[in-house]
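If you want the building blocks of each chain, they are given just below.
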Amino acid sequence: MVNSPKIEIRNLYKIFGSDPKTALEKVKAGMGKEALLNDTGHVLGLQNISIDIHESAITVVMGLSGSGKSTLIRHINRLIEPTDGQVLIDGEDALLLDQDELRDKRRTDMSMVFQKFALLPHRTVLDNSALPLEVRGVSKSERHAEAQVWINRVGLGGFEKHYPYQLSGGMQQRVGLARALTSNSDIMLMDEAFSALDPLIRSDMQKLLLDLHVELKKTIIFITHDLDEALRLADHLVILKDGAVVQQGDPQSILLTPSDPYIEAFVSDINRARVLRVRSVMTPMDKKSKYAGDVSPSDTLESLIARAEGDTSFKFRVLDGEEPIGQIDMQDLVKALVPRVSEAVQQHL
Amino acid sequence: MAFYDSLFNAFGLREWCDASAGSAKMTMASLLAKTNPDAADEGPLLPFPSMDELYKACPSFPQSREFTAGVEEAFLNAKDVLKTVLDPLTQPLSWLLEGALFIFLAAPWWIVVPLILLFVWYVCRSVAVTTFVTVSFVFLAFIDHLDAALQTLAIIAVCTGICIILGVPIGIAMAKSNRLQRSLLPLLDLLQTLPTFVYLIPLIFLFSVTEPKLYGIAIIVYAIVPVIRLTDLGIRLVDQDVVEAANAFGMSSRQKLLGIELPLALPNIMAGVNQTIMMSLAMVVIASLVSAPGLGVLVLRGIRNLELGVGLIAGLGIVLLAVILDRVSKAAIARVSTDQTFK
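Within each chain, residue numbers correspond to sequence positions counted from 1 in written order. Whichever chain is written first is A, and whichever ligand is written first is 1; the rest continue in order. With pLDDT at 70 or above as the cut-off, local features in this predicted model cover only qualifying residues; side-chain atom pairs require 80 or more to be listed or tallied, and sums for whole chains, interfaces and linings still use all residues.

K.L.:
Would you mind showing me how to read the overall build of chain B here?
P.N.:
Every helix listed is a DSSP run of H or I at least four residues long, and every strand listed is a run of E at least two residues long, numbered separately from the N terminus. Helix and strand content of chain B: 15 helices and zero strands. We compute the radius of gyration from the C-alpha atoms alone; for a globule the expected value is 2.2 Å times N to the 0.38, where N is the number of residues. Here the C-alpha atoms of chain B give a radius of gyration of 28 Å, more than 25% beyond the 20 Å that 2.2 N^0.38 yields for 343 residues. Taking the principal axes of its C-alpha atoms as reference, chain B extends roughly 80 × 60 × 40 Å. Around each residue's C-beta, the other C-beta atoms within 10 Å are counted; 20 or more make the residue buried, 12 or fewer make it exposed, and counts in between make it partly exposed. All C-beta atoms are placed from the backbone. Counting all 343 residues of chain B, 33% fall into the buried class.

As structure tokens, this is what we get:
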């Protein structure tokens, strides 16, 4: 992706407390989170965050609770004001917008899906989904027609007249999704959108989101604490810890080359065969080899193991469309499945 | 010799004290002591240094009756100013009350009562409640208490209406501003704890007893508190996640208030209205002391003339009205709440 990012977050700091400016000086001078809390009673929410969020990609921000991920996403639509730093949207500093401009931006350019759904309990599914257009002053028939399209798209056709409390959690979040889609904004912010759902429903919703993404090419910022979910959705993965970015990049490369023990511990109990893809493990063709078959670079290693029926002596040719781009040796594949664990983490485990 | 003589002597104030000896007003106690000098006792061993006790030792010291007189004088001095401001401001209240009383009494019963029943049906949609109200009205009419009951109802309707019109916006403002809430809460506490009779005292001096606004103001000031409190509470209790979602989609403050906060706070606001109605009923009975018409007048007659039957029957009528008002407003709350069950 050579084009400039849709959203650039530059050196963002957030400090909660009575006098964040003074605390900011101390943090910039190198004071840590715990020291800050003990000395001044201020909570360091985010420190020096810089992320490029590319257009039409899914950027996943992952971290455990308290890592500042929900705080971070709220800076993009300024539900939380930063202490210091910049948020550029299409090259324009969102922090310089006044209240009216900000409201317009929220109405037209970005939509949000919430962990606890945050539907209006006194309104029907149809009225909830039509909310973003209602806010903009679109006429009733027009906004209902538009909302109906998205209700059908998320698989809730027939439930328009229901109230949120009559729906299950998964269905409520589909309404949340329909509401965000009705706003027809380029940017979708998803704050732990699927975390409150049970695993099967969550998997369905992830598939729905991926399908929608292929279709609509929206810029999605997705917050999660679940690594499996992050790896399934992410084009770009950002890992937060204690309000700072620990590592960011292509999820496959984070998995293969974790940059610090925290991430190693994180990725160590992942089913790597299911997550890693051929393109991350393949080697250049050596022309002499005999191939047992052709595979696609986006095939998971798990599917290859199944194809080789566990035999490690095979080699496969990797085809991108019609063009051969590399080969994959089953022995390399098995090596890639062994997580790289440093000593610090081993002791921890 | 009085107990605190030595105190004034010690401070060298004796001269100042005696300068005005004998100029104070005679009290009942001293008059009795004069006619019966033997009964003058020494008093307790250590009397509390109250104004009267200090006066005994020092005639220049003010008596406590002068304190009461001072408060009275201050109020009477402020009265004219207050009256010129409040009189025109509150005049519409008099007109409203007179108008409502006139309409309720001038219209024939076969129009007023069915209209009331229709209203009851409209707000609560409950057969049981509507039937109960019908039976109660038939009973009141049969024992010739319908007019008095309608007068009471008319006053409550006007006063509750004004309480809602004033109280809901005040409650909204309180919910939006912590500072306003902090400064208004003590005032609301005061209004709620002040004994009902005390409201009437300054009002009697401000307005003529023949004016309906006198009791109108007393009722409104007394009954407005719950609707303010519960509007404030209701809006503060609105799920902050929903408010955040509204912000995220760029709702303006107006859109949030009308589209989210007020509808979601409605059950609480209605609970406040129910309380307000019940409190205005309580006050309208007491306000019969200052010429509020209705069932309260009959109760007052029962007390004043020892007409036991009149007083008891009027009391029964008030109980009936109370039950009616409570049931109807509760049924309305229930209807609003089931329209938007929150989970």
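K.L.:
When you look at the overall build of chain A in this model, what are you seeing that I'm missing?
P.N.:
In terms of helices and strands, chain A carries 17 helices and 13 strands. Against the globule reference of 20 Å for 349 residues, chain A gives a C-alpha radius of gyration of 23 Å, in line with a compact fold. Each principal axis of the C-alpha distribution contributes one length, and for chain A these read about 65 × 55 × 40 Å. Each of the 349 residues in chain A was classed as buried or not, and the buried ones make up 41%.

K.L.:
Can you walk me through the interface of chain B and chain A in this structure?
P.N.:
For an interface, size is often stated in terms of accessible area lost upon the parts coming together. We call two residues in contact if the C-beta atoms placed from their backbones are at most 7 Å apart. Contacts between chain B and chain A engage 18 residues on the former and 19 residues on the latter. Sorting elements by how many residues they give to the side of chain B that touches chain A places helix 12 (residues 240-248) of chain B first, with six residues. Here the nonpolar group is Ala, Val, Leu, Ile, Met, Phe, Trp, Tyr, Cys and Pro; Asp, Glu, Lys and Arg are the charged ones; every other residue, Gly included, is treated as polar. Grouping the amino acids of the side of chain B that touches chain A by side-chain chemistry returns nine nonpolar, six polar and three charged.

K.L.:
Please clarify how the domain arrangement of chain B should be interpreted in this entry.
P.N.:
As annotated, the domain borders come from an automatic or database domain assignment. Assigned domains of chain B: these are domain 1 (2-62) and domain 2 (79-342). For domain 1 of chain B and domain 2 of chain B, the distance between their C-alpha centroids amounts to 52 Å.

K.L.:
For this particular structure, what's the right way to read the packing of helix 8 (residues 146-176) of chain B against helix 11 (residues 212-236) of chain B?
P.N.:
A packed helix pair is summarised by two numbers, namely the angle formed by the two axes and the spacing between the axes. Residues and elements named next belong to chain B. Lines fitted to the C-alpha atoms define the axes, with helices restricted to the stretch that makes contact. Angles between their N-to-C directions range from 0 to 180 degrees. At a minimum axis separation of 7 Å, helix 8 and helix 11 run at an interaxial angle of 40°. The orientation of helix 8 relative to helix 11 falls into the category oblique. Two packed elements cross with a definite hand, and for helix 8 against helix 11 that hand is right-handed. In this structure, helix 8 contributes Cys-159, Ile-162, Cys-163, Ile-164, Leu-166, Gly-167, Val-168, Ile-170, Gly-171, Ile-172, Met-174 and Ala-175 to the contact, and helix 11 contributes Gly-216, Ile-219, Ile-220, Ala-223, Ile-224, Val-227, Ile-228, Thr-231, Asp-232, Ile-235 and Arg-236. For the contact of helix 8 with helix 11, a count of residues per class yields 17 nonpolar, four polar and two charged. Should an angle fall under 35 degrees it is taken as roughly parallel, and over 145 as roughly antiparallel, whereas 65 to 115 is taken as roughly perpendicular and any remaining angle as oblique. Handedness of a helix crossing follows the sense of rotation of the near helix relative to the far helix, less than a right angle counterclockwise being left-handed and clockwise being right-handed.

K.L.:
Whenever I open this one, unusual backbone geometry confuses me. Can you help?
P.N.:
For residues other than glycine, phi is negative in most cases, and the peptide bonds are mostly trans. Even without glycine at this site, A:Arg78 takes up a positive phi of about 60°. Examined against the element boundaries, A:Arg78 turns out to sit in the loop between helix 3 (69-76) and strand 4 (84-89). For A:Arg78, a count of 18 C-beta atoms within 10 Å gives the class partly exposed. Residue B:Arg125 is not a glycine yet carries a positive backbone phi of 50°. Among the structural elements, B:Arg125 can be located in the loop between helix 6 (109-124) and helix 7 (127-142). For B:Arg125, a count of 13 C-beta atoms within 10 Å corresponds to the partly exposed category.

K.L.:
Could you clarify how one ought to interpret the nonpolar core in this entry?
P.N.:
Nonpolar side chains in soluble globular proteins tend to be buried together. Residues A:Val60, B:Ala218 and B:Ile219 are the most contacted members of the largest nonpolar core, which totals 164 residues. Sorting elements by how many residues they give to this core places helix 8 of chain B first, with 15 residues. When residues no more than four places from it in sequence are discounted, the contact partners of B:Ile219 are B:Cys159, B:Ser280, B:Met283, B:Val284 and B:Ala287. Each nonpolar core consists of buried Ala, Val, Leu, Ile, Met, Phe, Trp, Tyr and Cys residues. Their C-beta atoms, within 7 Å, join them into a set. In terms of nonpolar packing, the next biggest core, distinct from the first, is built from six residues, B:Leu54, B:Tyr55, B:Cys58 and B:Phe61 among them.

K.L.:
Please clarify how the sheet that holds strand 10 (residues 244-249) of chain A should be interpreted in this entry.
P.N.:
Working definition: the strands of a sheet are paired by backbone hydrogen bonds and lie parallel or antiparallel to each other. All names here are of chain A. Two strands pair if DSSP finds at least two bridges between them. On the basis of which strands lie adjacent, the open sheet formed by six strands has the order 6-7-8-3-9-10 and mixed pairing. Strands with a single pairing partner mark the edges of an open sheet, and in this sheet they are strand 6 (110-113) and strand 10. Each neighbouring strand pair of the sheet contributes to a mean axis angle of 15°, computed without reference to strand direction. In this structure, strand 9 (residues 236-241) lies alongside strand 10, joined through five bridges in antiparallel fashion. Among the inter-strand pairings, Leu-240 is bridged to a residue of strand 10, identified as Val-245. Across the sheet, helix 8 (residues 169-182) lies against strand 6 and strand 7 (187-191), angled at about 175° from strand 6, the strand it touches most.

K.L.:
Would you take a moment to explain the pairing of strand 8 (residues 219-224) of chain A for this structure?
P.N.:
In summary, the side chains of a regular strand alternate between the two faces of the sheet. Residue and element names in this part refer to chain A. When you tally the buried positions in strand 8, you get six out of six residues, the bulk of the element. Here strand 8 shows no split at all, with Thr-219, Ile-221 and Ile-223 on one side and Ile-220, Phe-222 and Thr-224 on the other all buried. Alignment of strand 3 (residues 58-62) against strand 8, held across five bridges, turns out to be parallel. Looking at strand 8, one finds that Thr-59 is bridged to Ile-221. Strand direction decides the pairing type here: strand 7 and strand 8, joined by five bridges, are parallel. Bridge assignment links Met-190 to a residue of strand 8, and that residue is Phe-222. Handedness of a crossover is defined as follows: orient the strands so they point away from the viewer, and if the path from the first strand over the helix to the second runs clockwise, the crossover is right-handed. Where the polypeptide runs from strand 7 across helix 9 (residues 199-216) and back to strand 8, its parallel neighbour, the crossover connection is right-handed.

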